[in-house]
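One-letter residues, chain by chain:
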Amino acid sequence: MSKRKDTETDFIPALRFHWLTSFYDPILRWTMRESTFKNKLIRQIQVGSGQRVLDLGCGTGTLTLLLKQAYPKAEVTGLDIDPNVLQIAEKKAVDMGMDIVFNQGMSFELPYPDHSFDRVVTSLMFHHLTLENKLRTLKEIFRVLKPQGELHIADWGKAQNRLMRIAFLSIQILDGFKTTADNVNGLIPQIIDKAGFAKSKETDRFMTVYGTLSLYKAKK
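Rules and cut-offs
- Residues numbered from 1 in each chain as written.
- Predicted model: local features only at pLDDT ≥ 70, side-chain atom pairs only at ≥ 80, totals over all residues.
- Heavy atoms only, no water.
- Helix = DSSP H or I, 4+ residues; strand = E, 2+ residues; numbered from the N terminus.
- Buried < 20%, exposed > 50% of the residue type's maximum accessible area, 1.4 Å probe, protein only.
- Contact = heavy atoms within 4.5 Å.
- Core = buried A, V, L, I, M, F, W, Y, C linked by side-chain atoms within 4.5 Å.
- Expected span 1.5 Å × (residues − 1).
- Patch = residues over 30% accessible without salt bridge, like charges linked within 9 Å, V, L, I, M, F, W, Y side chains within 5 Å.
- Areas by Shrake-Rupley, 256 points an atom, 1.4 Å probe, with all protein chains shown as cover.
- Salt bridge = Lys/Arg side-chain N within 4 Å of Asp/Glu carboxyl O.
- Polar contact = N/O pair within 3.5 Å; in protein donor to acceptor, adjacent residues only side chain to side chain.
- Pairing = 2+ DSSP bridges.
- Right-handed = clockwise from strand over helix to strand, strands pointing away.

### Points about the overall build of the protein
At step 1: For the protein, the helix and strand inventory stands at eight helices and eight strands.
At step 2: In the protein, buried positions account for 53% of the 220 residues.
At step 3: Pairs at least 24 apart in sequence give 75% of the contacts found in the protein among residues at least 6 apart.

### Considering the nonpolar core
At step 1: The biggest cluster of nonpolar side chains holds 24 residues, and the ones touching the most others in it are Val120, Leu138, Ile141, Ile192 and Phe197.
At step 2: Sorting the residues of this core by element identifies strand 2 (52-56), strand 5 (117-123), helix 5 (131-144), strand 6 (145-156), helix 8 (188-194) and strand 8 (211-219) as the ones contributing at least two each.
At step 3: Sort the elements by how many residues they give to this core and helix 5 lands first, with four residues.
At step 4: For Ile141, the contacting residues outside a window of four places in its chain are Leu56, Leu110, Val120, Phe126, Leu151 and Phe197.
At step 5: Among the nonpolar cores identified, the runner-up in size contains 21 residues, and Leu63, Val76, Trp156 and Phe168 belong to it.

### Some points on helix 5
At step 1: The terminal C-alpha atoms of helix 5, which comprises 14 residues, lie 20 Å apart, in line with the 20 Å expected from a rise of 1.5 Å per residue.
At step 2: Within helix 5 the residues assigned to the buried category are Asn133, Lys134, Leu135, Thr137, Leu138, Glu140, Ile141 and Val144.

### Remarks on a nonpolar patch on the surface
At step 1: The grouping of Ile166, Leu169, Ile173 and Phe177 at the surface amounts to a nonpolar patch, some 400 Å² of accessible area in total.
At step 2: Counting residues per element, the nonpolar patch draws most heavily on helix 6 (residues 162-175), at three residues.
At step 3: As for its position among the elements, Phe177 is in helix 7 (residues 177-184).

### Some thoughts on the pattern of salt bridges
Two side chains that carry opposite charge are able to pair once their charged atoms sit near each other.
At step 1: Applying the stated rule across the entire model yields 10 salt bridges.
At step 2: Linking Arg119 and Glu150 is a salt bridge whose minimum nitrogen-to-oxygen distance equals 3.3 Å. In this pair, Arg119 sits in strand 5 while Glu150 sits in strand 6, placing the two residues 31 residues apart along the sequence.
At step 3: Arg119 sits in the buried class, given a relative accessible area of 10%.
At step 4: Across the salt bridge formed by Arg205 and Glu202, the nearest N and O atoms sit 3.1 Å from each other.
At step 5: On the accessibility criterion, Glu202 (32% relative accessible area) is partly exposed.

### A word on the side chain of Thr208
At step 1: Within the secondary structure, Thr208 sits in strand 7 (residues 198-208).
At step 2: Of note is the side chain of Thr208, whose polar atom sits 3.1 Å from the backbone nitrogen of Tyr210.
At step 3: Side-chain polar atoms of Thr208 contact the backbone oxygen of Gly211, separated by 2.8 Å.

### Re the environment of Arg205
At step 1: In this fold, Arg205 is placed in strand 7.
At step 2: Each C-alpha atom, one on Arg205 and one on Leu215, is 6.4 Å from the other, the two residues being 10 residues apart in sequence.
At step 3: Among all residues touching Arg205, those that are not within four sequence positions of it are Lys158, Gln160, Thr212, Leu213 and Ser214.
At step 4: A polar atom in the side chain of Arg205 sits 3.1 Å from the side chain of Glu202.

### Brief notes about the pairing of strand 5
At step 1: In terms of burial, strand 5 is largely enclosed, as seven of its seven residues are buried.
At step 2: Alignment of strand 2 against strand 5, held across four bridges, turns out to be parallel. Within the sheet, the bridge partner assigned to Leu56 lies in strand 5 and is Thr122.
At step 3: Inspection of the sheet shows strand 5 paired to strand 6 by six bridges, in the parallel sense. When the sheet's bridge partners are listed, Thr122 is paired in strand 6 with Ile153.
At step 4: Running through helix 5, the crossover from strand 5 to the neighbouring parallel element strand 6 is right-handed.

Shown next, in the form of structure tokens:
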């Protein structure tokens, strides 16, 4: 099930160019230790029965579906700005017989009322945002989370060593040095705190062929 809206807002597709969208799933699966970091992220979230989860920047819905599989009694919603990836996500959900709502919208203008979700999770989205839009997005997440709600992020982090720093240059060339600088400089926890969250921390790190991928957790 989806709710779409027309938008003229420019956005960066998952692999920078729209024509690469169909390659997104196999690239993540083959090069990013996707099952390892996403399964760790899912275990970290700990969703209770009846709780509401938003997969922000859900892309092709891989994480959204895994969340629903892991927590079948939770209400899972996916949101992305890209209508092409949402079509892929919806088809996956239909093929697997899963009841998931997918919405189209911007991360820094969430189409949900205050206190709508118990958990917000996002994977490999924040490095596409400028510092200004990272903060706007985090403030929107804070708004839609219930009191004591949690934010969980998987995204690029500070390089563990020189090899990981060199590897991350490929991501910066593809996605831009300006938007990825906060990630590689290890500033994501500080930005989360600035948006009003408490107890933000990096919970894990993974070395990949593109650099260091970090998991973060914060509470409202």
